[in-house]
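Fold and geometry: a report
So you can see what is in the structure, the chains are spelled out below.
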Amino acid sequence: NKSSWKRRWFVLLEGWRLLYFKSENESKAIGNVDVCPDRTQLKFSGGRHPSHAVTFDIVTPGRTYVIECERTEEAHEWMSALGGGVLVLGGDSDEEGDDDEFIER
């Protein structure tokens, strides 16, 4: 349900730490995600989530974060920045006969 989604501002730090804030103007993070390559996967999910045209998933052992971007290019930029060592899964596994593409970075 799109009404339950919350807009967040993300900052990627060295040491595989992704911080998120309520807005760009906030100075205190409201949460963080450990995106360590040994424990994290990324998956471009495209329009798989209803009402969300450009999304990708950050899959950690404890939670899956669905990230929505305004443009496809923005999603690819984030995935590239996060993908320096993270296993990136591509494709849409919901389509029959479509295998995920695994890329080790």
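Computed from a prediction, not measured in an experiment: that's the story for all the values here.

Here we look at the side chain of Thr60
- Relative to the elements of secondary structure, Thr60 occurs in the loop between strand E5 (55–59) and strand E6 (64–68).
- Relative accessible area serves as the criterion here: at 15%, Thr60 is assigned to the buried category.
- Only 2.7 Å separates the side chain of Thr60 from the backbone oxygen of Arg63, close enough to count as a polar contact.

A word on the sheet that holds strand E1 (residues 9–13)
- Spatially, E1-E2-E3 is the arrangement adopted by the three strands of the open sheet, whose pairing is antiparallel. The open sheet is flanked by E1 and strand E3 (31–34), the only strands paired with a single partner. Taking the axes of each pair of neighbouring strands and ignoring which way they run, one obtains an average angle of 25° across the sheet.
- Pairing analysis gives five bridges linking E1 to strand E2 (residues 17–21), with the strands arranged antiparallel. Each bridged residue has a counterpart across the sheet, and for Phe10 the counterpart in E2 is Tyr20.
- The strands touched by helix H1 (residues 72–82) are E1 and E2; relative to E1, the strand with the most contacts, the crossing angle is about 30°.

Re the packing of aromatic side chains
- Enumeration over the complete set of coordinates arrives at two aromatic pairs.
- Arranged with centres 5.8 Å apart and planes meeting at 40°, the rings of Phe10 and Tyr20 form a pair that is tilted. Of this pair, Phe10 sits in strand E1 while Tyr20 sits in strand E2, and the two are 10 residues apart along the sequence.
- The interplanar angle of 70° and the centroid separation of 6.4 Å between the aromatic rings of Phe10 and Trp78 together place this pair among those described as edge-to-face. Of this pair, Phe10 sits in strand E1 while Trp78 sits in helix H1, and the two are 68 residues apart along the sequence.
- Every member of this aromatic cluster is reached through a ring pair, and the members are Phe10, Tyr20 and Trp78.

A closer look at the layout of surface pockets
- There is about 820 Å³ of room inside the largest pocket.
- The wall of the largest pocket is formed by 23 residues, among which Lys6, Arg7, Arg8, Phe10 and Glu68 lie closest to the centre.
- Mapped by element, the contributors of at least two residues to the lining of the largest pocket are E1, E6 and H1.
- Sorting elements by how many residues they give to the lining of the largest pocket places E6 first, with five residues.

What counts and how
Residues numbered from 1 in each chain as written. Predicted model: local features only at pLDDT ≥ 70, side-chain atom pairs only at ≥ 80, totals over all residues. Heavy atoms only, no water. Helix = DSSP H or I, 4+ residues; strand = E, 2+ residues; numbered from the N terminus. Buried < 20%, exposed > 50% of the residue type's maximum accessible area, 1.4 Å probe, protein only. Polar contact = N/O pair within 3.5 Å; in protein donor to acceptor, adjacent residues only side chain to side chain. Pairing = 2+ DSSP bridges. Axes fitted to C-alpha atoms, helices over the stretch in contact; angles between N-to-C directions. Contact = heavy atoms within 4.5 Å. Phe/Tyr/Trp six-rings, centres within 6.5 Å; stacked < 30°, edge-to-face > 60°. 1 Å grid on protein atoms, 1.4 Å probe; cavity = no way out; pocket = protein on both sides within 12 Å on 5 of 7 lines; lining within 4 Å. Points joined across faces, edges and corners; volume = space filled by probe spheres on them.

The values reported here are purely geometric and, on their own, carry no functional implication.
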